[in-house]
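Examination of the molecular architecture
Residue strings, one per chain:
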Amino acid sequence: DAAGTNSSLNLDGSTGNDTFVANSSNNLLTLTGENQGTLDQVTFSNIENVSLGGGDDSVVIQAGGKLTGLLDGGGGSNTLTAPDGTPIIIGGDGVSVGGTTFTGFGKVSGGGGGSGGTNNIEANDQANTVNITGAGSGSIDGTSFANIQAIDLKGGNDTATIGTAGSLTGVLNGGSGTDILNANASANSLIINASSAGKVDGTQISNFEAINTLDGNDSVTVNNSATALALNAGNGTDSLTSTTTADILNVSGANAGSLGSIAFSNLENVTLGAGNDTATIATGASLTALSGGAGTDTLNTNGSANTTTINSSSSGAVDGTAISSFERIDLKGGDDNATVDLLNPASTSKSLLLDGGDGLDDLDIKISEQDFVKLQNTDALSKLDSYLTDPNGKSLDIAFGDFNFSAIGFETATFNHVINPPTPKPPAAPTLTTVAASASDTASASGLEGLNLDVGGAANIQAPVSLKSTSDASTVEGNVKSDAHATEVLGISTSTLHAASDLSVGSVLQSIVSG
């Protein structure tokens, strides 16, 4: 009542099961011990139940504070603050903190006093929905929370979402059931360790069976063999890097497949770990890029007719997938076509075994003319000649510089040595040629590709030249276009100039020759 709001009062409930009913104001309830505390200006003890009114009430539970009965928040927008280190249990019947059951609270918060510790929320065994929107804050099943370090969703098929600004300093645990974790539209960093444990950006996670990183160019690191997990990388250009010792990768669709027990989709780039890995690309499947990483790695294609291109750095492409760092490629079934392009030698030592597998497979080896010259009179060229004669049933083992190449399982093979075009030279500086002619003489010049003629009288011109004249008496004869003042002469095959002038003074022929 008003007296409790505005003036002090001590209230002792003594024995029995007592209920303290507050007024409709915005009350502040503090629980300081078992069945004791303060409600606004009223200090109470031996009260087992508290019923708040219709105001926007606040409840603070200090260390050791609790009710053995029920705390009902009533109407309004009520906030509950639990002590440090005390779990907040949110269930279908309300909220429980330290043995006290609460109803009618839309907001809960950790950090209500005590010696510090981890403030955590424990959900129930139903299908819970949690949204982490800020640092230690968000909502769970409609109840807002703040100052929370860890959340345990317990049983049920739960869904958790970590917003762009959301994080926990403790662990977000999906608990039992089939639980889904959604990241956000930013560039997320996901780390997956053993037993479905890991981290999304700065928040530790565990026991989620499906993870969606949504939009953004996401980065995924797999550190150990994880338990069964469905990973959807969403939109963006996403990359997965494994640090395990012996990966088994199966690419079964467009940017989809499995890495060990992780089934992935919408994942464009994969880099395998440092062990001896095995990757298989099914018919019609592809990634944007696939790297075998360190170790001795094997890439298997499929039973269709594959097109494979490899260079001396062990990188290239298999159908639509860019590949690198594989030491063995098995083309399996199908009539495959493989090209080994050695026009640009590797800068470091590399090795590759290329197996054509079943089918009628063709191998095309390209090498530069310069490197082909180096093979003359060598054992490598002798081996190559023997193999090319009839590769069916034979194997090839040859070194091209630092690239050790082996081939088996090919029915036909070709070898092309290509002359690398010389580096283009810059054009030579223009050369000015001057030829003088008199009225009675004939002026000639040979080897000209172009000529500018400045003459004041009539002239006969046979050359691919340009005529510029200031005299209306100038003429051009031959297979040319004529204009007394500015004529471009084209289409004459000879490069010899013959010019005769009817002037009484000498004339000058000027030519700019290029090339």
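The notes below deal with the structure included here.

What counts and how
Residues numbered from 1 in each chain as written. Predicted model: local features only at pLDDT ≥ 70, side-chain atom pairs only at ≥ 80, totals over all residues. Heavy atoms only, no water. Helix = DSSP H or I, 4+ residues; strand = E, 2+ residues; numbered from the N terminus. Buried < 20%, exposed > 50% of the residue type's maximum accessible area, 1.4 Å probe, protein only. Contact = heavy atoms within 4.5 Å. Areas by Shrake-Rupley, 256 points an atom, 1.4 Å probe, with all protein chains shown as cover. Arc of directions from axis to C-beta. Phe/Tyr/Trp six-rings, centres within 6.5 Å; stacked < 30°, edge-to-face > 60°. Salt bridge = Lys/Arg side-chain N within 4 Å of Asp/Glu carboxyl O. Pairing = 2+ DSSP bridges. 1 Å grid on protein atoms, 1.4 Å probe; cavity = no way out; pocket = protein on both sides within 12 Å on 5 of 7 lines; lining within 4 Å. Points joined across faces, edges and corners; volume = space filled by probe spheres on them. Nonpolar A, V, L, I, M, F, W, Y, C, P; charged D, E, K, R; others polar. Core = buried A, V, L, I, M, F, W, Y, C linked by side-chain atoms within 4.5 Å. Polar contact = N/O pair within 3.5 Å; in protein donor to acceptor, adjacent residues only side chain to side chain.

Describing the overall build of the chain
Scanning the chain from terminus to terminus reveals 3 helices and 52 strands. Buried positions account for 43% of the 515 residues belonging to the chain. Across the chain, every contact between residues at least 6 apart in sequence was considered, and the portion connecting residues at least 24 apart equals 59%. With the model as given, the accessible surface of the chain reaches about 22800 Å², and the carbon-plus-sulfur share is 49%.

Comments concerning helix α3 (residues 379–389)
Within α3, the full set of buried residues consists of Ala-380, Leu-381, Leu-384 and Tyr-387. Down the axis of α3, the smallest arc covering the buried residues is 125 degrees, so these residues share one side. Across from the buried face of α3, at angles greater than 90 degrees, the exposed residues are Asp-379 and Thr-389.

A closer look at the packing of aromatic side chains
Scanning the entire structure with this criterion turns up 2 aromatic pairs. Where Phe-20 meets Phe-44, the ring centres are 5.8 Å apart and the plane angle is 80 degrees; that geometry is what we call edge-to-face. Linking Phe-20 in strand β2 (residues 19–21) with Phe-44 in strand β5 (residues 42–45), this pair joins segments that are 24 residues apart in sequence. Note on Phe-20: relative accessible area 14%, which makes it buried. A ring pair is formed by Phe-403 and Phe-405, whose centres lie 6.0 Å apart and whose planes are at 25 degrees; its orientation type is stacked. Side by side, Phe-403 and Phe-405 carry an identical accessibility label, which is buried.

A few points about the pattern of salt bridges
What the rule picks out here adds up to 5 salt bridges. The residue Asp-330 makes a salt bridge to Arg-328 at a minimum N-O spacing of 2.8 Å. For the salt bridge of Arg-328 with Asp-355, the shortest nitrogen-to-oxygen distance reads 3.4 Å. Here Arg-328, found in strand β39 (residues 328–330), pairs with Asp-355, found in strand β41 (residues 350–355); they are 27 residues apart in sequence, far enough to count as distant. Arg-328 sits in the partly exposed class, given a relative accessible area of 27%. Salt bridges here are not isolated pairs; linked through shared partners, they connect Arg-328, Asp-330 and Asp-355.

Structural notes on the pairing of strand β38 (residues 321–324)
Side chains of β38 alternate between two faces, with Thr-321 and Ile-323 buried and Ala-322 and Ser-324 left unburied. Pairing of strand β34 (residues 289–291) with β38, which is carried by 3 bridges, proceeds in the parallel orientation. When the sheet's bridge partners are listed, Ser-291 is paired in β38 with Ser-324.

Focus: empty space enclosed by the protein
Picture a little ball the size of a water molecule; that probe, rolled over the atoms, points out where space is still empty. By the definition in use, this model includes 3 cavities of 30 Å³ or more. Empty space within the largest cavity amounts to approximately 50 Å³. Lining the largest cavity are Leu-190, Ile-191, Ile-192, Ser-196, Ala-197, Gly-198, Ile-205, Phe-208, Ile-211 and Leu-229. Considered class by class, the residues forming the lining of the largest cavity number 8 nonpolar, 2 polar and no charged.

Observations regarding the pairing of strand β17 (residues 143–146)
Every second residue of β17 is oriented toward a common face, the buried set being Thr-143 and Phe-145 and the non-buried set Ser-144 and Ala-146. Here 3 bridges tie strand β13 (residues 107–109) to β17, and the two strands are oriented parallel to one another. Bridge pairing in β17 places Lys-107 opposite Ser-144. Relative to β17, strand β16 (residues 137–140) runs antiparallel, the two sharing 3 bridges. Across the sheet, residue Gly-138 finds its bridge partner in β17, namely Phe-145. With antiparallel pairing between neighbouring strands as the criterion, β16 and β17 make up a hairpin whose turn holds 2 residues, including Asp-141 at a positive phi of roughly 50 degrees.

Some words on the side chain of Thr-298
Following the sequence through the fold, Thr-298 ends up in strand β35 (residues 298–300). Take Thr-298: its relative accessible area is 18%, and that puts it in the buried class. Contact partners of Thr-298, with chain neighbours within four places excluded, come to Asp-277, Thr-278, Ala-279, Phe-326, Arg-328 and Asp-330.

Thoughts on the nonpolar core
One broad rule of soluble globular proteins: the nonpolar side chains tend to lie buried together. Counting residues in each nonpolar core, the largest one holds 93 residues, and the members touching the most others are Ile-151, Leu-172, Leu-290, Leu-363 and Phe-405. Residue contributions to this core peak at 4 residues, all from α3. Contacts of Phe-405, omitting those with residues within four sequence positions, involve Val-340, Leu-352, Leu-354, Leu-363, Ile-365, Leu-396, Asp-397, Ile-398 and Phe-400.

Points about the side chain of Asn-302
By the element assignment, Asn-302 lies in the loop between β35 and β36 (307–311). One polar contact links Asn-302 to Ser-304, side chain to side chain, over a distance of 2.3 Å. Look past the residues within four positions of Asn-302 in its chain and what remains in contact with it is Ile-281, Ala-282, Thr-283, Leu-331, Lys-332 and Gly-333.

Re the environment of Ser-313
Turning to its location among the elements, Ser-313 is positioned in the loop between β36 and β37 (316–318). The spatial distance from the C-alpha of Ser-313 to the C-alpha of Asn-344 is 8.9 Å, given a sequence separation of 31 residues.

Describing unusual backbone geometry
A positive phi angle, near 55 degrees, is found at Lys-154, a position not held by glycine. Tracing the backbone shows Lys-154 in the loop between β18 (150–152) and β19 (159–162). Its identity as a non-glycine residue notwithstanding, Asn-255 has a phi of 55 degrees, on the positive side. The topology assignment puts Asn-255 in the loop between β29 (248–253) and β30 (256–259).

Examining the environment of Ala-413
Within the element layout of this structure, Ala-413 appears in strand β45 (residues 412–418). Separated by 76 residues in sequence, Ala-413 and Asn-337 place their C-alpha atoms 9.8 Å apart.

By themselves, these are just geometric observations and shouldn't be taken as functional.
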